[in-house]
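# Observations on the three-dimensional arrangement
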Amino acid sequence: MAILLKEHTKVMVQGLGKEGQFHAEKMLECGTKVVAGIRPGKAGQDVLGIPCFNTVADAKAATGANASIIFVPSPFAADAVMEAIDAELELVVLITEGIPTLDMIKVKNKLKNSKTNLIGPNCPGIITPGIGKMGILPVSIFIPGKCGVISRSGTLTYEVAAQLTAVGIGQSTCIGIGGDPVIGTSHRDALEMFNNDPDTDMVALIGEIGGTDEEIAAEYIKDHMTKPVVAFIAGSTAPKGKRMGHAGAIIAGGKGTAAEKKEALRAAGVAVADSPADVGITAKRILEG
Amino acid sequence: MKIHEYQAKEIFARYGIPVPEGQMVTEVGDVKRFFEEKGGPVVVKAQIHAGGRGKGGGVKFSPTVEVAEQAAKDIMGMTLVTHQTGPEGKLVQRLLVEKAANIETEMYLGFVMDRETSRVAIIASTEGGVEIEKVAAETPEKIIKIWIDPAVGLMPFQAREVCFKLGLEGTAFKGGVKMLQNLYRMFTEEDASMAEINPMIVTKEGEAMALDAKVNFDDNAGFRQKHHAELRDISEEDPLEVEASKFDLNYIKLDGKVGCMVNGAGLAMATMDLIKQCGSEPANFLDVGGSASAEGVENAFRILMSDKDVKCVLINIFGGIVRCDKVANGVVEAIRNIGNVEVPIVVRLEGTNAKEGLEIINNSGLNFHTAQGFADAAKKAADLAEGRGGA
C-alpha cells in the first residue's frame, strides 16, 4: 500500500518540455500510470503517446488522473500548483527549484482546507518501489519493503536508500520533501502518514540545518509515533549565516543548528546516526533489536 | 542577497518610510561638505554587510565638523571586526553620513519569513537598539509577534495593534501605523526575505523614523526583481564565491584542507560532516548541481584549485539522472585541461553507471585514488589532506 503514491494513482505531467518529457518516460518505464500532459493551447496533441490537455481540470475529467507532477519553470510554477489544487487532485509533486518564497506562502495558504497533498518544491519527488515514481529519483537503488524514508535533499536521499537496500531493508515509500523554507509536506506530516500506514514498519528521517522542522518532527515522534525512527542531520560543519545550497539550509540567529536537532530527536527516542555513512547499519541494528 | 544600509534607506524613502537625511560617500572630504551644507550634528556610519558596527567602532556621533572629519578618516579604510564579520573583519569602503536625529524613544521592528507558519511575521519590541535574539531569549514577554494572512495582506487593525503595544501615541502612532503598512508593501513588492529597523525611533518632534535599515532579498525572485542586481556589492563577498556564482555553482569557502566537489546540497553537507569526523576539515561547500555537466565540473575544479589551502580533493558523486560515466569523463577532461594538478584526488562514484565511471577514472592514466563507499572516501581524503599514511 505505502503512502501517497499508490496503485490507484494516475499521474498527469504539468510542464512537458524537454525535462518533463525525459522524466515522464522514466516514470512510464518503471510502471507509473502517466495518463495525461498539460500544454495550454495544445490540447489534442500527444507526447510520448500521452494525450495533452489545455487545463488540469480537462485532463482530470478525461482521464481520471488524480495526481500531478510539475516541471513548470519557477516564474510560472506557483500558478501551476494553484491550478492543480483547484482541480482537487490528491497528490501534487513540485520538482521546480528557485520559486520565490512569497509565491510559496500563497500556495501554502491555498493548500489549507484543500484536498491536495503537495510534495516539494525543490525536491526529487516520491517513489513507492514496485508501484512507480513521481520524480527524478533513480529507480535502480530502491527495493520494495517496509521502511519509509523522508528527506529534504535529493542525492542524500539516494545515498540513504542505497545504504538501506545494501543491508536488505526495502522501502515502502521514499519522499524528498524539498530544501526550501516553505514546503508543502513537512517531516512531521510525512511521519504521521507513515505512522498510519500498515505497510510501514520503521522510518528513516534525513534532516538538515535551518528552520525547526526536525524539532517539530521530534515532538510528534515523542507523543505519537509507534514505529522506530532512525535519523541523520546534515550540516554539523556548516557556518552560521551562510546558505548551504538549499534556500532553507541556513543557520540564522544561532537557531537551526544540527546539534539542536540531533538533541531533540534523541530526546524523542530516535536513533540518530552521527555519520551519514551509518544510516543503513543503524536501521538494521534497530530492526534486529 | 544582502544590501547596504544606505541602499535599504533609499528603498525605504521610495516607499514613504521616514529616514534621516543622509548621503553615501566614498571620499572622506564629502563628509565635511555634507556637514557644512546640511548642518550638524551628524552621524558617520561604516557601510558593510554585517551588524554590530557600533560596538566595533564603525559608527560615530559627530557634533562638530572637526569630529565628523576625523570620524570619516578613522572609519574609512578601517578593517571593522564585529560579531558578524568573523575575526578577519571587513574593509570599510563606503560611509553613510546622516543628520543626527533627536531620539525620544528607541524600539525594534522587523518583518521576517516565519517558516513554522509559512507566513510573513512582524516582530516588534519596545527594546530597540539591542540584539533582538537576546531580547527574545531573556525577556520573551517583550516580543510582539503578529502573523500576516497572505490572502489579505497586513490589515490596518494589525498595524494599530503593534503600534499600541509599542506604546506609540499621537503623531508617532499615526506615523508608526503608516510605517508598518509601507514596510509590508516594500517587503512584498520587492520580494524581501527580511526587513529590520533597529532601532525604529520616535523623535522629540514626535515623528516615527527608521534610524537603521537592514533588508535582505529572496535570491529566487531575481527574475522579477532585475533592478536588485545593481544593488549587489561583490566587494563584500568572497572572490571565489563570486567566481563560482558566475557558473551557477553553489560554493561557500571554508577554512579546512579538503576541497569537496559533490552533487546535491544535502550530500555536500553530509560529505563535509564526514570529513570532519575523519579528523580533517572541509575547505568548502560545493554543489555542482543535479546535472553535473562536464563544463560545470571543470569550472568547479578550477575554483577548488585556486584555493591554496586545499591539500586534497574529494569528488563524491551519487549518480541519479546524471550518469557517473559522464561525470568521470568531465573530471578527466577537466584535469587534462587545467594541467599541473598536484594535489591528490579521491573519487567516489555511486549510482547510475558507477562501474563504467570508475573504469574511465582507472584507465585515464591520471593519479586518482578511488574509494569504495562514502566512509572510505572521506577517510582517504582526510588522511591525504592531513599527511597521514595508509591512504
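Keep in mind it's a predicted model, so treat the numbers as computed, not measured. The numbers attached to residues start from 1 for each chain and follow its sequence in the written order. Chain letters and ligand numbers both follow the written order, the letters beginning at A and the numbers at 1. With pLDDT at 70 or above as the cut-off, local features in this predicted model cover only qualifying residues; side-chain atom pairs require 80 or more to be listed or tallied, and sums for whole chains, interfaces and linings still use all residues. Calculation of side-chain values draws on the structure's entire complement of heavy atoms; hydrogens and water are dropped beforehand.

## Looking at the overall build of chain B
- Within chain B, the secondary structure is distributed over 12 helices and 18 strands.
- By its C-alpha atoms, chain B is 80 × 50 × 40 Å across when sized along the principal axes.
- Working definition: with a 1.4 Å probe on protein chains only, accessible area under 20% of the residue-type maximum means buried, over 50% means exposed, and in between means partly exposed. Evaluated residue by residue, chain B yields a buried proportion of 52% over its 391 residues.
- Note on contacts: a residue pair qualifies if any of its non-hydrogen atoms lie within 4.5 Å across the two residues. Long-range contacts, defined here as pairs at least 24 residues apart, represent 68% of the contacts in chain B between residues at least 6 apart.
- Working note: accessible area of chain B is about 17,000 Å², and carbon and sulfur atoms make up 49% of it. Where helices and strands are cited, they refer to DSSP runs of H or I of at least four residues and of E of at least two residues respectively, numbered from the N terminus. The method behind every accessible area is Shrake-Rupley, applied with a 1.4 Å probe, and residues are considered shielded solely by the protein chains displayed.

## Section: the state of the cysteines
- Cysteine sulfur pairs qualify as disulfides if the two atoms are within 2.5 Å. Throughout the structure, instances matching the rule amount to 0 disulfides over all chains.
- A disulfide-free cysteine, A:Cys147 has its sulfur positioned 7.5 Å from the sulfur of A:Cys174, the nearest such atom.
- Just so you know, B:Cys312 is unpaired, no disulfide at all, and the nearest cysteine sulfur is the one on B:Cys260, 9.1 Å from it.
- The class of B:Cys312 is buried, set by a relative accessible area of 0%.

## A look at the nonpolar core
- Within the largest apolar cluster, 99 residues are counted, with the highest numbers of intra-cluster contacts made by A:Ile69, A:Val93, A:Met134, A:Ile175, A:Leu191, A:Met244 and A:Leu265.
- Broken down by element, the residue count for this core peaks at 8 residues, all from helix α8 (residues 265–277) of chain B.
- Once you skip the residues sitting within four places of it in the chain, A:Ile69 turns out to touch A:Val11, A:Met12, A:Val13, A:Gln14, A:Met27, A:Val93, A:Ile95, A:Met134 and A:Gly135.
- In plain words, nonpolar cores are sets of buried Ala, Val, Leu, Ile, Met, Phe, Trp, Tyr and Cys residues tied together by side-chain atoms within 4.5 Å. A:Ala65, B:Ile144, B:Leu168 and B:Ala172 belong to the second-largest nonpolar core, a separate cluster that totals 70 residues.

## Things to note about the sheet that holds strand β8 (residues 125–128) of chain A
Residues and elements named next belong to chain A.
- Strands pair, by our definition, only if DSSP identifies at least two bridges between them. The strand order across the open sheet formed by 7 strands is β9-β8-β11-β10-β12-β13-β14, and the pairing between neighbours is mixed. Two strands close off the open sheet at either side, each with one partner strand: β9 (132–135) and β14 (271–272).
- Of the strand pairs in this sheet, β8 and β9 are connected by 4 bridges, and their pairing is antiparallel. The residue of β9 that forms the bridge with Ile-127 is Lys-133.
- The axes are straight lines fitted to the C-alpha atoms, using for helices just the contacting stretch, and the angles between their N-to-C directions are given from 0 to 180°. Against the sheet, helix α6 (residues 187–195) makes contact with β10 (144–151), β11 (171–176), β12 (202–208) and β13 (229–234), and its axis sits at roughly 165° relative to β10, the strand it touches most.
- Helix-sheet contacts for helix α8 (residues 258–267) involve β12, β13 and β14, and the interaxial angle to β13 is about 170°.

## Overview of the packing of helix α7 (residues 213–224) of chain A against α8(A)
Residue and element names in this part refer to chain A.
- One way to put it is that α7 packs onto α8 with a least axis distance of 8 Å and a crossing angle of 5°. Judged by the angle between their axes, α7 and α8 are roughly parallel. Touching Asp-213, Glu-214, Glu-215, Ala-218, Ile-221 and Lys-222 of α7 are Glu-260, Lys-261, Ala-264, Leu-265 and Ala-267, all from α8.
- Residue composition of the contact of α7 with α8, by class: 5 nonpolar, no polar and 6 charged. With respect to orientation, any angle under 35 degrees is reported as roughly parallel, any angle over 145 as roughly antiparallel, any angle of 65 to 115 as roughly perpendicular, and every other angle as oblique. Polar here means any residue other than Ala, Val, Leu, Ile, Met, Phe, Trp, Tyr, Cys and Pro, which are nonpolar, and Asp, Glu, Lys and Arg, which are charged; Gly is therefore polar.

## Describing the side chain of B:Asp287
- With respect to the secondary-structure elements, B:Asp287 resides in strand β15 (residues 284–287).
- Charged residues are defined narrowly, with Lys and Arg counted positive, Asp and Glu counted negative, and His plus the chain ends left uncounted. Whenever a carboxyl oxygen of Asp or Glu lies within 4 Å of a side-chain nitrogen of Lys or Arg, that contact is scored as a salt bridge. For B:Asp287, which is buried and forms no salt bridge, the nearest opposite charge comes from A:Arg243, at a distance of 8.9 Å.
- Setting aside its immediate chain neighbours within four residues, B:Asp287 contacts B:Leu249, B:Asn250, B:Val262, B:Asn263, B:Gly264 and B:Ala265.

## Things to note about the sheet that holds strand β2 (residues 42–46) of chain B
Residue and element names in this part refer to chain B.
- Across the sheet, 4 strands lie side by side as β1-β6-β2-β3; this open sheet has antiparallel pairing. Pairing within the sheet leaves two strands with one partner each, and these edge strands are β1 (22–25) and β3 (59–62). For this sheet the average axis-to-axis angle between neighbouring strands, irrespective of direction, equals 15°.
- The strands that helix α1 (residues 5–14) touches are β1, β2 and β6 (95–99); relative to β6, the one it contacts most, it runs at about 50°.
- Against the sheet, helix α2 (residues 29–38) touches β1, β2, β3 and β6, its axis set at about 15° to β6.

## Digging into the confidence of the model for chain B
- A residue-level look at chain B finds 98% of positions with pLDDT of 70 or above and a mean pLDDT of 92.
- ipTM for the predicted complex: 0.93, alongside a pTM of 0.93. A residue's pLDDT is the predictor's confidence in that residue, given on a scale from 0 to 100.

## A word on the domain arrangement of chain A
Residues and elements named next belong to chain A.
- Segmentation into domains, and thus their bounds, comes from an automatic or database assignment. Domain annotation for chain A reports domain 1 (1–122) and domain 2 (138–289).
- If you average the C-alpha positions of domain 1 and of domain 2, the two centres end up 25 Å apart.
- Listed as interface residues are 17 residues of domain 1 and, on the opposing side, 20 residues of domain 2.
- Buried area counts how much accessible surface, traced with a 1.4 Å probe, disappears from two parts once they are put together, with both parts' losses summed. For the pair domain 1 and domain 2, the summed buried surface comes to about 1,500 Å²; carbon and sulfur atoms form 59% of the total.
- Our enumeration of links across domain 1 and domain 2 arrives at 0 salt bridges.
- Sorting the residues of the side of domain 1 that touches domain 2 by element identifies α4 (101–111) and β7 (117–119) as the ones contributing at least two each.
- In terms of residue count, the dominant contributor to the side of domain 1 that touches domain 2 is α4 (5 residues).
- In terms of residue class, the side of domain 1 that touches domain 2 is made up of 12 nonpolar, 4 polar and 1 charged.

## Notes on the domain arrangement of chain B
- Segmentation of chain B into domains returns domain 1 (1–19 + 102–235), domain 2 (21–100) and domain 3 (238–385).
- Using only C-alpha atoms to locate each centre, domain 1 of chain B and domain 3 of chain B end up separated by 42 Å.

## A look at the packing of aromatic side chains
All names here are of chain B.
- In summary, the pairing rule links any two rings of Phe, Tyr or Trp, Trp by its six-membered ring, whose centres are within 6.5 Å, and it sorts them by plane angle into stacked for under 30 degrees, edge-to-face for over 60 and tilted for everything else. Following the criterion strictly, the structure yields 4 aromatic pairs over all chains and no others.
- Arranged with centres 4.5 Å apart and planes meeting at 35°, the rings of Phe-164 and Phe-173 form a pair that is tilted.
- Put simply, the rings of Phe-111, Tyr-184 and Phe-187 touch in pairs and so form one group of aromatic residues.

## Let's talk about the pattern of salt bridges
- For the structure on display, the rule yields 41 salt bridges over all chains.
- In this structure, the salt-bridge partner of A:Asp274 is A:Arg266, at a minimum N-O distance of 3.3 Å.
- Judged by its relative accessible area of 39%, A:Arg266 falls in the partly exposed class.
- Look at the salt bridges and you will find they share partners, linking B:Glu5, B:Lys9, B:Lys45, B:Arg53, B:Glu98 and B:Asp212 into a network.

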